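Here is what each chain is made of, one letter per residue.
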2 protein chains.
Amino acid sequence: MANNPLVSDRNVEFLLYEVFDAEGLCRLDAYQDHSRETFDLVLQNARKFAREVLLPTYKPVDEAPAHRVGDGIQVHPAMRAIYPKLVEQGMTAATRPASVGGQQLPHTVATLCNLYGMAANLSAVSYLGLTTGAAHLIEAFGSEALKAELMTRMYSGQWTGTMALTEPQAGSSLTDVKTSATPTAQGHYRIRGNKVFISGGDQDLTENIVHLTLARIDGAPLGIKGVSLFAVPKKRLENGKLVANDVHCAGAFHKMGWRGIPSIALNLGENGDCHGWLVGEPHRGISQMFQMMNEARLMVGMQAIATASVAYFESLEYARTRPQGRPLTSKNPASPQVPIIEHADVRRMLLRQKAIVEGALALGVQTARYADLAAHGPTPEQRRRALLLLDMMTPIVKSFSAEKGFESNALAVQIHGGYGYTSEYLPEAWLRDQKLNSIHEGTTCMHSMDLLGRKVLADEGAALRLLGEEIGAAIGRAAAAGVDPEWCAALERAVARTGEVTMRLASVGMSGRIDEMMLHSVDYLDLFSTVVVAWQWLLQAAVANEGLAKAPNALSSDFYQGKVCAAQYWIKTELPRIEHLASLCSGGEASYARMNQAWF
Amino acid sequence: MANNPLVSDRNVEFLLYEVFDAEGLCRLDAYQDHSRETFDLVLQNARKFAREVLLPTYKPVDEAPAHRVGDGIQVHPAMRAIYPKLVEQGMTAATRPASVGGQQLPHTVATLCNLYGMAANLSAVSYLGLTTGAAHLIEAFGSEALKAELMTRMYSGQWTGTMALTEPQAGSSLTDVKTSATPTAQGHYRIRGNKVFISGGDQDLTENIVHLTLARIDGAPLGIKGVSLFAVPKKRLENGKLVANDVHCAGAFHKMGWRGIPSIALNLGENGDCHGWLVGEPHRGISQMFQMMNEARLMVGMQAIATASVAYFESLEYARTRPQGRPLTSKNPASPQVPIIEHADVRRMLLRQKAIVEGALALGVQTARYADLAAHGPTPEQRRRALLLLDMMTPIVKSFSAEKGFESNALAVQIHGGYGYTSEYLPEAWLRDQKLNSIHEGTTCMHSMDLLGRKVLADEGAALRLLGEEIGAAIGRAAAAGVDPEWCAALERAVARTGEVTMRLASVGMSGRIDEMMLHSVDYLDLFSTVVVAWQWLLQAAVANEGLAKAPNALSSDFYQGKVCAAQYWIKTELPRIEHLASLCSGGEASYARMNQAWF
């Protein structure tokens, strides 16, 4: 663990400066004060802090989770010790404009800075990740008074923020939110309700917490269109003093991972004295909250990548140093045992981890770049294009990273053998952490329906056409760089097949057979993700070939060779799976549609 | 949890009496004292004990693992309370002959009895499972003195047994066992060495533990052919009294699951006073130990099935009772929420679990039947055939159940949503338990090499031919029962494809390119397992169709319909995956073969 890099610095450099032209972003007005030098400076700070401060706290925090003491949650002492330093890093408002105290750092760069912290101690950075999203909601939709009173204290890390959506009867189904908000003459609302699974919902790190809360104003319409957004602080300011706001921790869940940040049940207004302030328009709570949900989904995707990354490096180090067994053709028991990385199947597992981690990461950075262009692209048309792509990639970054990340984390345990099953080593903890990512911020199934039912068809299919253009450009770059033409052709065929399947499903949906259209949505997500990650691998292979053409020495050549080999792995062993998935999606296989409840 | 059946009684009845003709076994001499009545009696005891006694102890034991206190291991008080009752069940020697105190119960039946206990509390039943295997080694290879002194006390549950193979430098590589055995004039050997990962290696349940230990007699040849087998008790009998035998618990591993049974490091003979008694022939330790390893592999496979089964039923119950969301086509937020089982993707996850659990279980019972016929079949030829099939199925029952079981257990967590991630519900604990099964008793990779490198080619391909006959018979039964001819044809094609791939790989191996032959052994295992489980599903569909033809009422019809639907799922959505796996195995895709260590 001591030498675990968390994330490969060389790969970060590769993605930023060789693949995605991060320097080019500095030509945009919003980022004109930045340069490769400022990017490298924040990256250097982030990785140093993650390795030296955050990582050593991970295991102690996992072993003694945040828990309830009296009325509130006590976090691990190590977490209290590092929190002020974490705030000092200044990442909370890093991507926000200077006008609200931010650094106007591109998401493309900030995402990678945060990745180191996530890989080192995912819980620790989550407090501030949630705070950023919550403050950004107030920045986007809140009154000037709320901005002055809440947002600035949140962006500075003085207070934290949460998202308070889920209720016992309303998990995936936000339509069913029941928490009520009663208007008062003083401008605030009286809030009453019960929330569950509120990450960071209580803690003893900061004096106050602001819950961005979904609730229904009395008399609001039923359903999604009657839900409003409120800022509900744990303590409210009255005459310059913080007083209790009738927000109570009703208990902490005992989670299998993410042990440094509590997930709690919150009771709001059990004494009738919980004040909430409307954020934005009445009844627009869900659509406003989508800003934070989308940010949180990308954050979960990056957490999944980070958790898979740190485990990948741990298993790589183990495989290089653990002697066990001999080559298959060696019959001599007197010969020394070889490091297990020399066994083909161990290399298979490592290469699979690398392909998942670095494939997902490339897609994550690609998506962060779309976020930057969606906000700050030079023309409205370029912003619109980037937004469509950002929206389409969000469910994939979230769910692909969570699902394949879990598989990757399981491989890290497997490579460690019996030791991997023990808490004397860390892979089992990271495996436990990873399992949450396919559940929170929307289950994999929900994201598959978001992708198929909304995103790929958005703007009359414009998003899908744009993706085709993006992939076409990558194929062109790969062909020019001398990547195996068969790989380019395989991706082209896969894109065409994806298009066919999508059109077929769209026509089924258009004819009103929604259940039939959505039946294999999870298979569709798998198919689509596999193709999109193949795109990212072909792109990386192209850039690696460009690099190899001018590689000054063997060391830099090694890195590029690894990229080409991982691209081969993904395109030759993973991409062909889509044929079967495409058949399932469009062939009408209906065993579980017809499976009667009573037959189980 | 209260209503969790652990295993479906109806399915057990179906497998025993409709699919595998357990009553027919009573025509064999060894089982002539048995009948359906005696089978049902032991089954009824086993399920009642599992549900009423074992299951309630599972969660407390998971929460407070067996741990070291002073020089030894203290197990959970609940475990101490149930141990005598567990022994009373009489399963330790159930399959052994009456001559050694057994019941001569067929494995076909005993396997299913044990399955209930495994599903209820896997750790509890492991103490006795290991004891059976250890005592059986003494029964098969030990002297009369060892049988009298050790075996009888083990089969009676008075003492327990372990397998002490692994050492810090010798995990998968038993060639590298270093523990030494020095002959003495008194007939015993002086043992010295260090063992790790010894399940049940210490406990405070019984007064003594017998470790079946691999060690090298001084001067023995290097490698696998210099390893011998010893019985090394924790305490030895001297003048009718138990005295310490210089066997020390050096520490317990902290495991992510299987918390009721400790896995420990053992120091043998650190004071030069550890006596061990040779079991069987010198230098034949590994081949003898294979008897216990093979039994343990099947046991691990059944543990994996049991752990997936209990989680399947838990998620089924949750899905039937948890209201959340509405049908995709419902736009009315005032309508009540529906149980999540009504969502297609939840049914997909449940049907996948059912297909894995019941597919693997059918294969497990089929394999137990081969074990019975291998030991007690009427003719030498029938015993030989059964043994070949038993040997070939062993790595599949072990590894398929472990790998797909883990996936199935993850689905149970997913179905529970956020609650599934908490220890307020049990699926996360079963997921943790399951992860061990792909590691202990041989990793998945080792089993894939065993299958491809030894089992399918055994006896000049006789095993594979026999399997073809067995599958052919099932296809015939399915055709006669009116199963969809396309399913029969799909399995026939899959068997032919498997044969082609096997022949191609065998010819590669025969030409000396062993690394190339073995490169995709894990993909080959996946392919082979998928086909073999499809065979079991087609067989079950055949029997279900026979049942439907005479089903007296809707209730019994439900059960059979579920079988047919799960068979459809496996054959239509899982079996087609083999085409891609076959291409990988025989197409020479070599990304991880060529992936240089330095490129990672």
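This text follows the structure it describes.
Quantities reported herein were computed from a predicted structural model and do not represent experimental measurements. Every chain begins its residue count from 1, and numbering advances along the sequence as written. Think of it this way: whatever chain is written first is A, whatever ligand is written first is 1, and the rest follow in order. Totals for whole chains, interfaces and linings use every residue, but because this is a predicted model, local features are given only for residues with pLDDT of at least 70 and side-chain atom pairs only at 80 or more, for both listing and counting. Excluding hydrogens and water, the side-chain values take into account all heavy atoms of the structure.

Could you clarify how one ought to interpret the overall build of chain A in this entry?
A count of helices and strands for chain A gives 20 helices and 12 strands. Atoms counted for the radius of gyration: C-alpha only. Globule rule: 2.2 Å times the number of residues to the power 0.38. Compactness check: chain A gives a C-alpha radius of gyration of 24 Å against a globular reference of 25 Å for 600 residues, within 12% of the reference. In terms of its C-alpha atoms, chain A occupies a principal-axis envelope of roughly 80 × 60 × 60 Å. Partly exposed residues are those whose accessible area sits between 20% and 50% of the maximum for their type, while under 20% is buried and over 50% is exposed, using a 1.4 Å probe and protein chains only. Evaluated residue by residue, chain A yields a buried proportion of 63% over its 600 residues. By element, 53% of the accessible surface of chain A is carried by carbon and sulfur atoms, the whole surface being about 20,700 Å². The helix and strand labels rest on DSSP assignments: H or I over at least four residues marks a helix, E over at least two residues marks a strand, and numbering proceeds from the N terminus. Computed with the Shrake-Rupley method and a 1.4 Å probe, the accessible areas treat only the protein chains shown as cover for residues.

Please explain the relation of the copies chain A and chain B as it appears in this structure.
Each of the two chain copies can be brought onto the other by rotation about an axis and movement along it. We superpose the copies by least squares over the C-alpha atoms of residues that have a pLDDT of at least 70 in both of them. When chain A is fitted to chain B, the residual RMSD is 0.0 Å, and the transformation amounts to a turn of 180° plus an axial shift of 0.0 Å. Here the two chains are linked by the operation of a two-fold rotation axis. The contact definition used throughout considers only heavy atoms, calling two residues in contact when any of these lie within 4.5 Å. Here 100% of the interface residues in chain A have copies in chain B that are interface residues too; the copies meet face to matching face.

Honestly, the side chain of Ser-586 of chain A in this entry has me stumped. Any pointers?
All names here are of chain A. Within the fold, Ser-586 resides in helix α19 (residues 578-587). Here a polar contact is taken to be a pair of N or O atoms separated by no more than 3.5 Å, where protein atoms must pair a possible hydrogen donor with a possible acceptor and residues adjacent in sequence count only if both atoms sit in side chains. At a separation of 2.7 Å, a polar atom in the side chain of Ser-586 contacts the main-chain carbonyl oxygen of Ala-582. If near-sequence neighbours (up to four positions away) are discounted, Ser-586 is found in contact with Val-501 and Arg-504.

Can you help me understand helix α10 (residues 380-415) of chain B in this one?
Working note: α-helix, 3.6 residues per turn, so residues spaced by three or four point in the same direction. All names here are of chain B. Under the 1.5 Å per step criterion, the end-to-end length of α10 is 49 Å for 36 residues, consistent within 8% with the ideal 52 Å. Counted residue by residue, α10 has 26 buried out of 36 residues, so it is predominantly covered. Looking one or two places after α10, you find Gly-417, whose phi comes out positive at around 60°. Multiplying one less than the number of residues by 1.5 Å gives the expected span of a helix.

Looking at this model, I keep getting lost on the environment of Glu-63 of chain B. Mind explaining?
Examined against the element boundaries, Glu-63 of chain B turns out to sit in helix α3 (residues 36-63). C-alpha separation for the pair Glu-63 of chain B and Gly-260 of chain B, spaced 197 residues apart in sequence, amounts to 9.2 Å.

In this structure, what is going on with the packing of aromatic side chains? I would like to understand it.
The description of an aromatic ring pair rests on the distance of the ring centres and on the angle between the ring planes. Any Phe, Tyr or Trp ring, taking Trp's six-membered ring, that has another such ring centre within 6.5 Å forms a pair; planes under 30 degrees apart are called stacked, those over 60 apart edge-to-face, and the others tilted. Enumeration according to the criterion identifies 27 aromatic pairs over all chains in this entry. Aromatic pair Tyr-312 of chain A and Phe-313 of chain A: ring centres 4.9 Å apart, planes at 50°, arrangement tilted. When sorted by exposure, Tyr-312 of chain A lands in the same class as Phe-313 of chain A, which is buried. Judged by centre distance (5.5 Å) and plane angle (50°), the rings of Tyr-419 of chain A and Tyr-425 of chain A are tilted. Taking the relative accessible area as the measure of exposure, Tyr-425 of chain A reaches 28% and is therefore partly exposed. Members of the aromatic cluster, each reached through a chain of ring pairs, are Phe-197 and Phe-253 of chain A together with Tyr-318, Tyr-419 and Tyr-425 of chain B.

Help me out: how do you make sense of the interface of chain A and chain B in this one?
Put simply, an interface is often sized by how much accessible area is lost when its parts join up. Facing the 92 residues of chain A at the interface are 92 residues of chain B. For this document, the term salt bridge refers to a Lys or Arg side-chain nitrogen within 4 Å of an Asp or Glu carboxyl oxygen. With a closest N to O distance of 2.6 Å, Arg-326 of chain A and Asp-176 of chain B form a salt bridge. For the interface between chain A and chain B, the tally reads 44 residue pairs in polar contact (both at pLDDT 80 or more). Among the elements that take part in the side of chain A that touches chain B, helix α18 (residues 554-574) of chain A stands out by supplying nine residues, more than any other. Classification convention: Asp, Glu, Lys, Arg as charged; Ala, Val, Leu, Ile, Met, Phe, Trp, Tyr, Cys, Pro as nonpolar; all other residues, Gly among them, as polar. Here the side of chain A that touches chain B is composed, by residue class, of 44 nonpolar, 27 polar and 21 charged.

It is not clear to me how the packing of helix α13 (residues 444-455) of chain A against helix α17 (residues 521-549) of chain A should be interpreted in this structure. Could you clarify?
If you want to describe how two helices pack, look at the angle between their axes and the distance between the axes. Residue and element names in this part refer to chain A. Fitting a line to C-alpha atoms yields each axis, with helices limited to the stretch in contact; the angle taken between N-to-C directions then spans 0 to 180 degrees. Two numbers describe how α13 lies on α17: the axes approach to 8 Å, and their chain directions differ by 75°. Judged by the inter-axis angle, α13 sits roughly perpendicular to α17. Facing α13, whose interface residues are Thr-444, Cys-445, Ser-448, Met-449, Leu-451 and Leu-452, α17 presents Ser-521, Val-522, Tyr-524, Leu-525 and Phe-528. Its residues placed into classes, the contact of α13 with α17 shows eight nonpolar, three polar and no charged. Each angle is binned into one of four classes, with values under 35 degrees roughly parallel, values over 145 roughly antiparallel, values of 65 to 115 roughly perpendicular, and all other values oblique.

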